[in-house]
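# Geometric and topological summary
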Amino acid sequence: MAWNNPFKEMANSKPLFMTIYATVLIGIVFSSVYVFSAIYSSPHSSTFSLSIAPSASSDAEAEPSSQASNFSRLQADGHSTPLNPQLQSKLLKAIWTVPPAGSKMPDLESFRLSKELVQERVIGNVVVVTFGNYAFMDFILTWVKHLTDMGVENLLVGAMDTKLLEALYWKGVPVFDMGSHMSTVDVGWGSPTFHKMGREKVVLIDSILPFGFELLMCDTDMVWLKNPLPYIARFPEADVLTSTDQVVPTVTDDRLDMWQQVGAAYNIGIFHWRATESSKKLAREWKEMILADDKIWDQNGFNELVRRQLGPSVDDDSGLVYAYDGNLKLGLLPASIFCSGHTYFVQAMFQHLRLQPYAVHTTFQYAGTEGKRHRLREAMVFYDPPEYYDPPGGLLTFKPSIPKNLLLDGVHSIDTHFALVNYQMKQIRTALAVASVLNRTLVMPPLWCRLDRLWFGHPGILDGSLTRQPFVCPLDHVFEINVMLKEMPDEEFGPGISIREYSLFENPSMPQEVKRSWLDVHLCQEGSLGCQVNSTSQTGVLKLPRHTNEETLKTVFSKFNDVKVIQFSSMQDAFDGFTDKTREERFRNRVKRYVGIWCCVENHTPGHIYYDMYWDEKPGWKAAAPNSTEDDHPPW
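Conventions we followed
Position labels on residues start from 1 in each chain and follow its written sequence. Owing to the predicted nature of the model, reporting of local features is limited to residues with pLDDT of at least 70; listing and counting of side-chain atom pairs is limited to 80 or more, with chain, interface and lining totals taken over all residues. As a rule here, side-chain values come from all non-hydrogen atoms in the structure, and water together with hydrogens is ignored. Helix and strand definitions follow DSSP, with helices as H or I runs of at least four residues and strands as E runs of at least two, each counted in order from the N terminus. Exposed residues in this analysis have more than 50% of their type's maximum accessible area, buried residues have under 20%, and partly exposed residues fall in between, with area computed by a 1.4 Å probe over protein chains only. By definition, residues are in contact when any of their heavy atoms lie within 4.5 Å. Two aromatic rings from Phe, Tyr or Trp, using only the six-membered ring of Trp, form a pair when their centres are within 6.5 Å; if the ring planes differ by under 30 degrees the pair is stacked, by over 60 it is edge-to-face, and anything between is tilted. The criterion is that NZ of a Lys, or CZ of an Arg, lies within 6 Å of the ring centre and within 35 degrees of the ring normal, and then a charge sits over that ring. The rule for pairing is simple: two strands pair if DSSP sees at least two bridges between them.

## Comments concerning the environment of His477
- Its place among the elements puts His477 in the loop between strand S16 (471-473) and helix H16 (481-484).
- The exposure class assigned to His477 is buried, which follows from its relative accessible area of 2%.
- Leave out the neighbours within four places in its chain, and His477 touches Val346, Tyr366, Arg375, Asp452, Arg453, Ile597 and Tyr611.

## Overview of the packing of aromatic side chains
- Per the counting criterion, the structure on display carries 28 aromatic pairs.
- Ring geometry for Phe111 against Tyr169: centres 5.7 Å apart, planes inclined by 85 degrees, an arrangement best described as edge-to-face. Here the residue Phe111 occupies a position in the loop between helix H3 (85-90) and helix H4 (115-119), and Tyr169 occupies one in helix H6 (residues 162-170), the gap between them amounting to 58 residues.
- Of the residues examined, Phe111 reaches a relative accessible area of 7% and is grouped as buried.
- Ring geometry for Phe271 against Trp286: centres 6.2 Å apart, planes inclined by 80 degrees, an arrangement best described as edge-to-face. Here Phe271 is found in strand S7 (residues 266-273), whereas its partner Trp286 is found in helix H9 (residues 277-292), with 15 residues between them in sequence. You'll find Phe271 and Trp286 in the same group, each marked buried.
- A network of ring pairs unites the aromatic residues Trp224, Tyr231, Phe235, Phe338 and Tyr358 as a single cluster.
- Over the aromatic face of Tyr383 sits the side chain of Lys145, whose NZ or CZ is 4.8 Å from the ring centroid.

## So, the pairing of S7
- Counting buried residues in S7 gives eight out of eight residues, a clear majority hidden from the surface.
- Direction of pairing for strand S6 (residues 240-244) relative to S7: antiparallel, over a ladder of five bridges. Opposite Ser243, over in S7, you have Asn267 as the bridge partner.

This is how it looks when you write it as structure tokens:
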């Protein structure tokens, strides 16, 4: 019989042979089912893991430990029934599948953390977890979408408030209740509530590890750019793999960072735990430490414990090191591809080394949560709804111009840095005024810097880093994005001015119909040929005289209210000022607060230097740090 097409042979055979063939095939199927069922149900069978490592037995759970009352909902269920990960993965509910219309919200008790609930999301014994409150809803949705776009569905989100839990449930995102009763608003970095959130992370890790699953724990202010699970699987002996704040490369490929050369803090925004005895011991002691002293920051506590003993290397090849109690096998994820806010947004280390990044974490940044969001938007890795790209009133953009000498000539110093930034700032100030007059959203230009910004004295860039000068710096290096987006009283600061990131038109999410509704505005010298108000060339370009005032701008562009994008060829001398002096004063009050500081001058206290939006109105203005704390105040 030809095995390449047995069903064709069966079709040409007599009924007796048809019966025989069918009986044999059915027998094979049922035998296979029986054999595989026996294998999978055997208590001694090994489980396949994405890490290709022996996993803790599914029924080997630690005794639930006592916790503070507000953490009681995160207790491990010591009597949970073991479930089969291979069979369970086939029943994995697809993410983004919303509940049926007309259905009711299940009881909150059904979202309580348990082994069974986590098991529903496990694949290959691995689960990827983040957590947050409702203020980070858009970050969480971005986090989930990046993972699901790359086919990673074994994820779970911890909700610190009921509002987030319900919102995620109705969007089809797997969620559990952390029982935190957290505020739904942004709590702010460094606040007591922020530290409380960090403590809940520690309790969460200590609660999940006894279930026997591998745990990839992440903060919500990071984005996955590439599936990390195959990378993690390369280090099956590791108990813990953690990201770091390292800014100087220790390797030039995708190996683990060399632990002997990493002097920066281990960053707990991205780390992977295997349910080994050493890792569970670490998680338990870490939890006890931070619950006993509310002044200990969770990351500091982790670093203190893990560095209690550091070395020797586990072997010559893996890059792992013995840490903590001398038995824990620790690996440091390379900072070039598990990126911090510095290695990604400032250095672009992965580009210099020709590597593909796995993740970016919005550390080393300023302007709070709004600064984090804006950085991810600049990198085009943040997911916004369609209306974000088509705001009411339309968009305003312009082509910035920078003389070559400001950008490239001379040494990179505080003086040349401020000369470069101030030149751009003046154009942006004009653009903000035009956007305010036309009631349009301003697309900020890319911002060039000569010097890095940090929170301590430094020589301009960090020694050993791959920062190239000059570089396109994140907007929060100069501008206070949180202030720009903050609602301020109109009677003191005038109407708000919406902004967008410089990469907006390059974003694949930008609708083509917005980009097609476009008007180019070329500035011209008044009195020159064809340069007059309402003059439009044959190519559809609007010619606008320089030094146009508020009332003329309103009149000229009133006929273009339906145009979605207006682009100026330049902002130099484009605007001659507000006709309404009250409005001008309010505008000045507003934009003065839009700029922040450069930091920091070495060996000087205070070491920061204030940017000044109206630097050009002050003869002899010079970039200098305050002489004393008494002189330390913004320029308004």
